[in-house]
Structure formats: structure tokens, C-alpha cells
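The residues making up each chain are set out below.
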Amino acid sequence: MTARTSPLHDRHVAAGAKLADFGGWSMPIEYAGGGVLAEHAAVREAVGLFDVSHLGTGTVRGPGAAALVDACLSNDLSRIGPGKAQYTLCCVPDGEPDAGGVVDDLIVYLHGDDDVLLVPNAANAQEVLARLADAAPPGVTVTDRHEEVAVLAVQGPRSAAVLSAAGLAADLSYMAFAGGEGQEVTVCRTGYTGEHGYELLVAADRAGELWDRLLAAGAGEGIRPCGLGARDTLRTEMGYPLHGHELSRSITPNQARSGWAVGWRKPAFWGREALLAEREAGPARLLWGLRAPGRGIPRPGMAVLDDGGARVGEVTSGTFSPTLRTGIALALLDTAAQPAEGAALAVDVRGRPQPVEVVKPPFVPSHVR
Amino acid sequence: MTTPDDRRYTDQHEWALVQGSGGAGTVVRVGITDHAQDALGDIVFVQLPAVGEEVGPGNPIGEVESTKSVSDVYSPVAGTVSAVNEALTDAPETVNADPYGDGWLVEITVAGDGGDPTADLLDAAAYQALVDAS
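Everything numeric in this text was worked out from a predicted model, so none of it was measured. Numbers given to residues run from 1 along each chain, matching the order in which its sequence is written. To read the labels, note that chains go from A and ligands from 1, taken in the order they are written. Side-chain atom pairs in this predicted model are given and counted only at pLDDT of 80 or more, local residue features only at pLDDT of at least 70, and totals for whole chains, interfaces and linings cover all residues. Just so you know, side-chain values use all the structure's heavy atoms and leave hydrogens and water out.

Colleague: It is not clear to me how the interface of chain B and chain A should be interpreted in this structure. Could you clarify?
Modeller: Where interface size is quoted, it is often the accessible area lost as the parts come together. Here, two residues are considered to be in contact whenever any of their heavy atoms come within 4.5 Å of each other. Each partner contributes to the interface: chain B provides 16 residues, whereas chain A provides 16 residues. When a carboxyl oxygen of Asp or Glu is within 4 Å of a side-chain nitrogen of Lys or Arg, the pair counts as a salt bridge. Taken together, chain B and chain A are joined by five salt bridges. Its salt-bridge partner being Glu-63 of chain B, residue Arg-350 of chain A comes within 2.8 Å of it at the nearest N-O pair. Here a polar contact means two N or O atoms within 3.5 Å. Within protein one must be a hydrogen donor candidate and the other an acceptor candidate, and residues neighboring in sequence count only if both atoms are side-chain atoms. Where chain B meets chain A, there are 14 residue pairs in polar contact (both at pLDDT 80 or more). Residue assignment for the side of chain B that touches chain A shows that the elements contributing at least two residues are helix 1 (34-40), strand 4 (43-47) and strand 6 (60-66) of chain B. Starting at the N terminus, helices and strands are each numbered in turn, a helix being any DSSP run of H or I of at least four residues and a strand any DSSP run of E of at least two. No other element matches the four residues that strand 4 of chain B contributes to the side of chain B that touches chain A. Under the scheme applied here, ten amino acids are nonpolar (Ala, Val, Leu, Ile, Met, Phe, Trp, Tyr, Cys and Pro), four are charged (Asp, Glu, Lys and Arg), and all others, including Gly, are polar. Broken down by class, the residue content of the side of chain B that touches chain A amounts to five nonpolar, six polar and five charged.

If you want it as C-alpha cells, here you go:
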């Protein structure tokens, strides 16, 4: 299968980006003259511009659209009103294998009771939309808009100044959005970096013009195009889960500490019974942060060991923290091993046990609000 | 991407440059190529062998780790590690900035009568062809 490309692909190639496959999409990892460290620093200290058009987009429309989403996805949609977005999970329904596991995590934009927009991950977009379409009552239509919509992210302390200079809505509260049908750009105060930032939805055929406009508007603010390499180091420093690593069909929201995105009091959502039962019993493993002060970076799949060398868990994400200048990781640790903050464990880095300290993420302070 | 023609290369993306011959043998300086450092991205840790370690061709002699991934470095020749680039401990990014110069990794002393221990490795044109084909 040929990888799909963003509407901004030609610009990335012209900017000397290294490209890699993300969920079937060929996307920039880093740009020539940049690199993960410089791009990461731009977001923490100034502002970065990301193309995240591999993210899916879909609409759920018709009478009862929001009620359908609320009855299926995990978070409580009644906590927000129109004009707000919400992080939520699509879990495996009860009665299926892996019930309570996570099909995908996504952002929903609530336009109104009859109009909801979804931004799932690239690789899972089709399944999320197909499941909702199957569950939809007559009159509610689920439409895949992945190819029609490009998604850009402007992230960093100078992001508001860039949006203002580009003539876009910047004065939004956290998780609020402006725009929608008939508007050129939908701007939402959200992101995946831990910094003040925005994600922008734009028609695919207007994406190039918007990209150029944002880079021009941010020139005086130190803006830099940033690839998905820096996006990963930024999100890992915040302890944000990435589907396929910290959340998956076999890793539940209870285990990943994503229970805050579950509307426990709702009468129905996919996986409710399985998740309530696991919550009651206590999950067998929990997500923790690990700081690795030595050489050798913990990487996904590496075993976490106790001081006797017994395996007590597994690294789900690991990278170099450009901010802390040390290795950091997220890991699922067995509850039976009674891990606690400050505990000294080790990660088996290619046969060499590397000492790590158990911590509670984020690894660096959040500035999203 | 440059490929200097004053040295030899391996298909594992190391370079080997003869430094000169002395009483103990021929000193070969080893590093990774411009192509290798570019593929790795920002290098954050470099792990090097101990001076005095005996190595054979193809033996792992260290690791170069970037934000994204880690890569083993293999010895292009047989000999004894006679120097390691200690400056990389505090400044691993030197491998990105100057892979053929200040970003060298180790020196290996090859015993023998002064023949070129890198003669069997790829020349610059052959290595460049290998990179171009990849």
C-alpha cells in the first residue's frame, strides 16, 4: 500500500523534511536545519508549527448526533457545551474480546446536539467511524473527512501572538474552539505538547496557504516547522499517552490512568461493564514515569526490573528528554510489585540494567492552561 | 552529503582513516559517516569501548544513540583500542556537526608491518554508490 500524503507534502519535501510512515501516512519527522532538539526547544521557548494531517477527521451529524457519541465514547459529553472540545476514548464494547481496551483516543468538537466533529488517530480513524456508523440511529450520518481536512498545530508560548498576527482567533479558553461550517479555519485551544497552543482544521485545498501564512506571521516570534519527532519528545515529557503505546486494545484507561476521560456516572458507553469491574478490582498494572539518569535510553518493549532482577513491567514509550537532558520513559508496572514514587528500579537496555527512578509525570511543568 | 576520498568505508556506515604507523603498528581512526549521522538525527549519547580492548572486524565497539534510535558501531579492522574520543561524553552532537573530523569515535592500533589494514574496505566511490542505492 502506498503511503498517503498530507496536502502539505510538497512543502515538507521542499523544506528538506525527513519523512516516515505514521499510520499509513508519510509525514515529516524533522526538517533540514532543525532536528528534534531544535524543534523541541522552539516549542518550549517560542513557537512551533506542525502538520498533523495524518490525524483523521470525521463528522457525526443529524438529530441525536451528540447523544450517539455520548452513548458510545467514554467521556461525559454533558460536561461541555457547544464550542468546546473534549478528549475521549473509544473503548472496545462489552461482549467483544478485549472489552474495555482502547480502540482509539480522540478529540471531539461539539458544535451542537446534531453536529459533532471527531479527530481520531490516523491508523484508527476508519474503525472508530465504522463503529459509530454501525451504532447510529436512522437520521444520524457518520462521514469520513480524512482527505478533505488538514490539521495543523501551532504550539508554544508565542502561539497566541502568531495566531493574532495571522488574523485568527487566539483568545480562546482551554479546549474552546472557534469556527465551523462556512468558516475557513476552525481553531481549537488544544495540543499535544504541554504548551499553550492551538490545533487548526482547514480544508485540504486551503492548507498550503494557511501554512505559509502562519510561518510568515510567526517569523518575528521565532516560529519553526516542527516534525513528529519533536511532537513525540514533547508529549513524552508531559506523560501524554500515545495510542499503540500507553493505550491499546490490551491497555485499558484504568491501567493508563486515563480514567479522568471516562464518564463513570454515564449509564452507557462502550466497555463500561469491563472497565467498572476492573476499577473495582484494581488494575493489575499502572502507568508510571521513569527517569533514567545514566547513558542508554529506555525504549518501548524493554523490561523493567526490580533490584533483584525480576521483571516488574515494560516500557511503553521512552526517549531522550531535551529539556532534562536525560532519558525518560513511560512504563506499565505490575501493581503486585507495589511500585511507588521515588522507587529505584532498572530498565534492561540491551542487556545492561540501567538504573531508573519511578516518578509521576509530567516530567516538566505543563503550561496548557 | 559528503564522502571524503582520503579514507575507507564499511557497509555498516563506519569510516576508517589510517593515521600513521609506529612501533606498535598502524593506527586507524574510526567514526561514522555523514549519511549515518544524518539518518540517526540528533545524537545524545555515545558509548565507547575501553582503551586496551581487543577488537575484531565486525565486532561491536560502541553505540551511538539519538533522540529516535540507537545504532551499534562495528570495528572495521582487527586490533587494540588505543584511544577514544572523550570529548564526545559532554558533546555528543559533535558527531552530527563534524562526523569525519572532531566527531571521530575511536582509534584502533593494528599490529603488523605497516601494510594498509583498511585496504579491503570500500573506497569512497563504492560507499557513495551503496548509499545512493539505498
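Colleague: What exactly am I supposed to notice about the UniProt feature "domain: Lipoyl-binding" (unreviewed entry) in chain B here?
Modeller: Residues annotated in UniProt with the feature "domain: Lipoyl-binding" (unreviewed entry) correspond here to residues 27-109 of chain B. Counted over residues 27-109 of chain B, helix gives 13% and strand 42%. Its end C-alpha atoms are 4 Å apart. UniProt positions are given in the numbering used here, feature names are shortened, and annotations may be inferred rather than shown by experiment.

Colleague: Just checking my understanding: could you explain unusual backbone geometry for this structure?
Modeller: With the exception of glycine, most residues fall at negative phi, and the peptide bonds are largely trans. All names here are of chain A. With an omega of 5°, the peptide bond running from Pro-361 to Pro-362 counts as cis. Relative to the helices and strands, Pro-362 is located in the segment after strand 20 (352-359). Although it is not a glycine, Gln-338 adopts a positive phi angle of roughly 50°. Taking relative accessible area as the criterion, Gln-338 reaches 68% and is therefore assigned exposed. Any residue under 20% of the maximum accessible area for its type is buried, any over 50% is exposed, and the rest in between are partly exposed; the area is computed with a 1.4 Å probe on protein chains only.

Colleague: I'm lost on the pairing of strand 7 (residues 102-112) of chain A in this one. Help?
Modeller: On a regular strand, each side chain points to the face opposite its neighbour's, so the side chains alternate between the two faces of the sheet. Residues and elements named next belong to chain A. The element strand 7 is extensively covered by neighbouring structure, given that 10 of its 11 residues are classed as buried. A strand pair is defined by DSSP finding two or more bridges across the two strands. Here eight bridges tie strand 6 (residues 84-91) to strand 7, and the two strands are oriented antiparallel to one another. Across the sheet, residue Cys-91 finds its bridge partner in strand 7, namely Val-102. Where strand 7 folds back onto strand 8 (residues 115-119) in an antiparallel hairpin, the turn is made up of two residues.

Colleague: What is the right way to look at the UniProt feature "modified residue: N6-lipoyllysine" (unreviewed entry) in chain B in this model?
Modeller: As annotated in UniProt, the feature "modified residue: N6-lipoyllysine" (unreviewed entry) corresponds to Lys-68 of chain B in the numbering used here. Within the secondary structure, Lys-68 of chain B is located in the loop between strand 6 and strand 7 (70-74). A relative accessible area of 27% places Lys-68 of chain B in the partly exposed class. Sequence-distant contacts of Lys-68 of chain B, that is, excluding residues within four places in its chain, are made with Lys-18, Ile-29, Glu-30 and Arg-299 of chain A together with Ala-39, Leu-40 and Gly-41 of chain B.

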